[in-house]
Amino acid sequence: YGNDKIKEDLQQAKYYFNKGAEHGDRRCMYDLTWLYLDEDDTEEARKIAHQLIDLGYNYGYVLLGEIADQEDEKDEAVRMFKQAIKLDQYEAYGDLAFYQWNEGNREEAYRLARKGCAMEDFKSYWFLAFFYKEEERYDEAWDAILVYYLREGSGADLMGEIFFDCGYRKEDPAAEALMEQ
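Residues numbered from 1 in each chain as written. Predicted model: local features only at pLDDT ≥ 70, side-chain atom pairs only at ≥ 80, totals over all residues. Heavy atoms only, no water.

(A) Up close: the pattern of salt bridges. If you walk through the whole model with that rule in mind, you get 15 salt bridges. Measuring nitrogen to oxygen at the nearest pair gives 3.1 Å for the salt bridge that ties Arg79 to Glu76. Of this pair, Arg79 and Glu76 both sit in helix α5 (residues 74-86), separated by 3 residues, roughly a single helical turn. The class of Arg79 is partly exposed, set by a relative accessible area of 49%. On the basis of relative accessible area, Glu76 is assigned to the partly exposed category, the value being 29%. For Arg137, the salt bridge is made with Glu135, and the minimal N-O distance between the two is 3.6 Å. Note on Glu135: relative accessible area 34%, which makes it partly exposed. What you see here is one network of salt bridges that share partners, running through Asp69, Asp72 and Lys74. (Salt bridge = Lys/Arg side-chain N within 4 Å of Asp/Glu carboxyl O. Helix = DSSP H or I, 4+ residues; strand = E, 2+ residues; numbered from the N terminus. Buried < 20%, exposed > 50% of the residue type's maximum accessible area, 1.4 Å probe, protein only.)

(B) Expanded view of helix α9 (residues 138-152). With 15 residues, α9 should reach 21 Å at 1.5 Å per residue; the first-to-last C-alpha distance of 20 Å fits that figure. Buried within α9 are the following residues: Tyr138, Ala141, Trp142, Ala144, Ile145, Leu146 and Tyr148. Once α9 finishes, Gly153 follows within two positions and takes phi at roughly 70°, a positive value. (Expected span 1.5 Å × (residues − 1).)

(C) Structural view of unusual backbone geometry. Even without being glycine, Asp40 reaches a positive phi, approximately 60°. Along the chain, the position of Asp40 falls in the loop between α2 (26-38) and α3 (42-54). Note on Asp40: relative accessible area 57%, which makes it exposed.

(D) Representation of the environment of Met29 within the structure. Along the polypeptide, Met29 turns up in helix α2. Judged by its relative accessible area of 2%, Met29 is buried. In this structure the C-alpha to C-alpha distance between Met29 and Phe17, which are 12 residues apart in sequence, comes to 6.7 Å.

Next up, the structure:
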């Protein structure tokens, strides 16, 4: 939607994502769905998520779960996340884990996040790191966020919280080198 060289312009981004979506570009449709969700336009977001499903892109079920969650339709959100998992959209494990965490079901949240990690859902590593950090289990939090960071190239925000805000230091030369960059 913007970067250090291009000024953020959400209307222009929406225009171009719509152009791509008109041609059936699934990535444009995905990004457009998130733009609509950020604007709380769940009706448009839902329409695009269904179009994605119609195109055979089962990640649409994850998006429907996010939409239902945003609308506080918790049972529907869980149903959509479970449907996504059934259709091999393992990123839904992280979403479902976070939902369980917010509901106070800590053991189930950990179980789902670990299952997502086992299925190579990298977002589950982020959620697992977050859960561990919240419970001040910094060794485990660091290991999980480091996997996420190394595989996704993202997660520096949570990594920084663990390292700087929580004062956690691990005797790990590779990790130290990362933090010095």
